[in-house]
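Results of the structural survey
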Amino acid sequence: AGCAKMRLPSASRQAIPLSRLALVTVLCISLLSLILSIAPLHSQHPGGRLHFPGEISDRHGLGPIEPDPHLLSDRAAIFAGAEADHRLALATARLRRRLMSAAAEAGALRVNAQTSQAAFSRLLAAARYPAVFRSAALSPPGPDTGADLNNATVRSMRRRLRAMLRSAWRAYWRYARGANELRPIGGAPAGPGAGDADLLGGAARLGASAIDSLDSLWMAGLTEEFSAAAEWTLNELSFDQDATVSVFEMNIRFLGGLLSAYFLTGDRRFVAKATGLASRLLPAFATPSGLLRSLVNLRTGAAADHPWAPFGCSVLAEAGSLQLEFSLLSELTGDRVYADAARRARHAIGMAPRPYGGLYPNFVHSGRPDKLAVQEASLGSLGDSFYEYLLKEWLRTNGTDTESCRLFLDAARAIEHGGLLRRSTGSGKFLYLAPLKDGRPVDNRMEHLACFAGGLFALAANATPSCAAGGRQLDSERTRRRWLSIGVELTRTCREAYRRSAVGLGPEAFEFDNNVEAVAIRPEDKTHMLRPETVESYFHLWRITGDQRYRDWAWETVEALERYSRIVSTGGFAILSDVYSARPPVGDLQPSYFLAETLKYLYLIFSDRDYFSSAQWVFNTEGHPLPVRQT
Ligand code: DMJ
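How each quantity is defined
Residues numbered from 1 in each chain as written. Predicted model: local features only at pLDDT ≥ 70, side-chain atom pairs only at ≥ 80, totals over all residues. Heavy atoms only, no water. Phe/Tyr/Trp six-rings, centres within 6.5 Å; stacked < 30°, edge-to-face > 60°. Helix = DSSP H or I, 4+ residues; strand = E, 2+ residues; numbered from the N terminus. Buried < 20%, exposed > 50% of the residue type's maximum accessible area, 1.4 Å probe, protein only. Lys NZ or Arg CZ within 6 Å of the ring centre and 35° of its normal. Near = heavy atom within 4 Å. Polar contact = N/O pair within 3.5 Å; in protein donor to acceptor, adjacent residues only side chain to side chain. Areas by Shrake-Rupley, 256 points an atom, 1.4 Å probe, with all protein chains shown as cover. Nonpolar A, V, L, I, M, F, W, Y, C, P; charged D, E, K, R; others polar. Pairing = 2+ DSSP bridges. Contact = heavy atoms within 4.5 Å. Axes fitted to C-alpha atoms, helices over the stretch in contact; angles between N-to-C directions. UniProt positions renumbered as here; feature names shortened; annotations may be inferred. Expected span 1.5 Å × (residues − 1). Salt bridge = Lys/Arg side-chain N within 4 Å of Asp/Glu carboxyl O.

Turning next to the packing of aromatic side chains. In this structure the tally under the stated criterion is 24 aromatic pairs. Arranged with centres 6.1 Å apart and planes meeting at 75 degrees, the rings of Phe239 and Phe254 form a pair that is edge-to-face. Here the residue Phe239 occupies a position in the loop between α6 (223-235) and β3 (244-246), and Phe254 occupies one in helix α7 (residues 247-265), the gap between them amounting to 15 residues. With centroids separated by 5.5 Å and ring planes inclined at 80 degrees, the aromatic side chains of Tyr550 and Trp553 adopt a geometry described as edge-to-face. Of the two residues, Tyr550 and Trp553 are both situated in helix α17 (residues 548-565); the distance of 3 residues between them amounts to about one turn of the helix. For the residue pair Tyr550 and Trp553, the accessibility class agrees, reading buried in each case. Put simply, the rings of Phe430, Tyr432, Phe510 and Phe512 pair up and form one aromatic cluster. Positioned above the aromatic ring of Trp542, the side-chain terminus of Arg609 is 5.3 Å from the ring centre.

Most of helix α10 (residues 323-333) is tucked away, with 10 of its 11 residues classed as buried. The complete set of buried residues in α10 reads Gln323, Leu324, Glu325, Phe326, Ser327, Leu328, Leu329, Ser330, Glu331 and Leu332. Gly334 sits one or two residues past α10 and shows a positive phi near 75 degrees.

All right, on to the site of the ligand then. Close to the ligand lie Ile252, Leu449, Arg531, Pro532, Glu533, Tyr593, Glu597, Thr621 and Glu622, which account for all nearby residues. Glu622 is positioned such that a nitrogen or oxygen atom in its side chain is 2.6 Å from an oxygen atom of the ligand. Alone, the ligand offers 300 Å² of accessible surface; in the complex the protein occludes 92% of this. Considered class by class, the residues forming the shell around the ligand number 4 nonpolar, 1 polar and 4 charged.

What follows concerns the sheet that holds strand β5 (residues 303-304). Taken together, the 3 strands give an open sheet; going across it, the order is β3-β4-β5, and neighbouring strands pair in antiparallel fashion. Both outer strands of the open sheet, β3 and β5, are each paired with one neighbouring strand and no more.

Right, let's talk about the environment of Ser381 for a bit. Turning to its location among the elements, Ser381 is positioned in the loop between β8 (376-377) and α12 (384-396). The residues contacting Ser381, other than those within four sequence positions of it, are Asn362, Glu447 and Leu449.

The 3 strands are arranged β13-β16-β17 in an open sheet whose pairing can be described as antiparallel. The outermost strands of the open sheet, each flanked by one partner alone, are β13 (445-447) and β17 (517-519). Between one strand axis and the next, the sheet turns through 25 degrees on average, direction left out of account. Relative to β17, strand β16 (residues 509-512) runs antiparallel, the two sharing 2 bridges. Bridging across to β17, Phe512 finds its partner in Glu517. Sheet strands in contact with helix α15 (residues 477-499) are β13, β16 and β17, and its direction is about 105 degrees off that of β16.

Moving on: the UniProt feature "binding site: Ca(2+)" (unreviewed entry) in the protein chain. What UniProt calls "binding site: Ca(2+)" (unreviewed entry) maps, in this numbering, to Thr621. Locating Thr621 in the fold gives a position in the loop between β20 (617-619) and β21 (625-627). Since its relative accessible area comes to 14%, Thr621 is described here as buried. With sequence-adjacent residues up to four places away left out, Thr621 is seen in contact with Phe248, Ile252, Ser385, Glu388, Tyr389 and Glu597. A polar atom in the side chain of Thr621 sits 2.9 Å from the side chain of Glu388.

Before going further, it helps to spend a moment on helix α16 (residues 533-545). End to end, α16 covers 18 Å across 13 residues, agreeing with the expected 18 Å (1.5 Å per residue, within 8%). Burial of α16 is extensive: 11 of the 13 residues sit out of reach of the surface. Within α16, the full set of buried residues consists of Glu533, Thr534, Val535, Glu536, Ser537, Tyr538, Phe539, His540, Leu541, Trp542 and Arg543. Taken together, the buried residues of α16 touch α12, α14 (452-462), α15, α17, α18 (592-605) and β20. Downstream of α16 by one or two residues, Gly546 has phi in the positive range, about 70 degrees.

This part takes up the pattern of salt bridges. Under the definition given, this model contains 36 salt bridges. We note a salt bridge from Arg160 to Glu559, for which the minimum N-O separation is 3.6 Å. In this pair, Arg160 is assigned in helix α4 (residues 152-176) and Glu559 in helix α17, connecting sequence segments 399 residues apart. For Glu559, a relative accessible area of 39% translates into the label partly exposed.

Moving on to the environment of Phe311. By the element assignment, Phe311 lies in the loop between β5 and β6 (313-315). On the basis of relative accessible area, Phe311 is assigned to the exposed category, the value being 80%. The spacing of Phe311 and Ser366 is 55 residues in sequence and 9.7 Å in space, taken between C-alpha atoms.

Here it is as structure tokens:
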């Protein structure tokens, strides 16, 4: 759609049509030569019939007969035949030669056409992201620049965050280089069974923490560490591993991280790496509906569902969180296969019956997406980033993907009115999100994962007011104000869950009833997993409102992390198993998203608001910045 509007040099615009024209011309010349070579033969033979070797004219209408060299008339015919044979042989040889060179030329032209197509899509990408190339690729990271430069307090806070990132990175690099995640207490790679290992190929050495750290290191100006991570990624990382991985995790952590690294450095090798990975994920999409299966073996392409998911079903958040990365990859490579795969998956999700006033079910059947598989909806686990990507693909495409816009507006209305959004009945009157099952609230419990929604609503409120769907101008000023207040309130709720713990760090899930508000009850909910969602919302709200309280809350989190989570012996950061204990036991895991998201959002909260500005960048669900398309 953008082609007509784009201002590209005229030569590049004509590259492909010219190649095609040349190919057609060569084939036409060959055909013409064939006709011209053969034409004289027609005139030499009565009736214009072609004369083939060993055959003379049919004198009696009985078909070809053996010539009699004693008959003059036949001798003439024999000579004529010989001459014709000779001319025909010459013509055939000439024609074969021409056809061969035409074929060779066509092959070369095909190669050229591919080359110019790649060059064309590169030009297209450059034209679509000009500001990004100028601001990021051409200027080195400037962590100490911007309006906050003279604010010594903020500068020192940023330095502290940079030191935390360096420490977490160095621990990973020293003890677990090339593995997916770190055991920060034992100083070893996290093996199968730990953290998200089962989603990242078990014992596979895919370097999730390295890829997830690339852009964070770059943004914080840790150039030496960035170079080490980039070199390892480009020279040592291989996706050709007999490893069964989650398509979703590989997409948000790896594709997102690699594409982001490309836009920061301008190094096309990151795109090549991303393309190699994406093509290994594609077999997961080979289902009747196009809805991907959750797991795929990187080497064999064998696809499978999560063993814990309902039979034949894909997870909503996983199947619906691909569009940002897959579409961008198609734009960069000129190969539509990735964007089409993500779009087909989204369309299959669109076929699912929506029982809760427009909310989507957490599971969709990949064979029969139009049948309701499970009556469950959530903005926490299983549902979360599906809703996020509807908004963010609209933002990333600069309002071009109007389907995303329409879907998001419908979904936002459903979130508001479908029963997910509730208010506590205690004195705090907290707004919170709780999942639905069989049409009813399962319990009054909000997951930490759902804390990203505060930032999401604030982002939506801040988006350009130009999304018209089906002729309706849906994002009226009133809607935008309401969304911002939902964002502010949800973020306050999550911060309250942090504040009510003994350590200032939030639990994995927290409940609301008449006696309890924003506090975990179940033992398994009392863990702190170093997750980003709450600080992610602080980040968006700080940027959008400029309200100092978000910086204050973020700083409380920084201090709590340093005090309770940092492991002095290795420098890594560990999860906590009970946030209500003043001396919380630590768990031996430093998840890769801690480097990709938690520390990045904290760092950006204490950076200039224009640094990786929201007008130019959209953060994928793993915190990797992807550029907003300019056309
Ligand atoms: C991250 O990997 C992503 O944010 C994902 O969307 C869900 N949660 C984890 C971190 O909590």
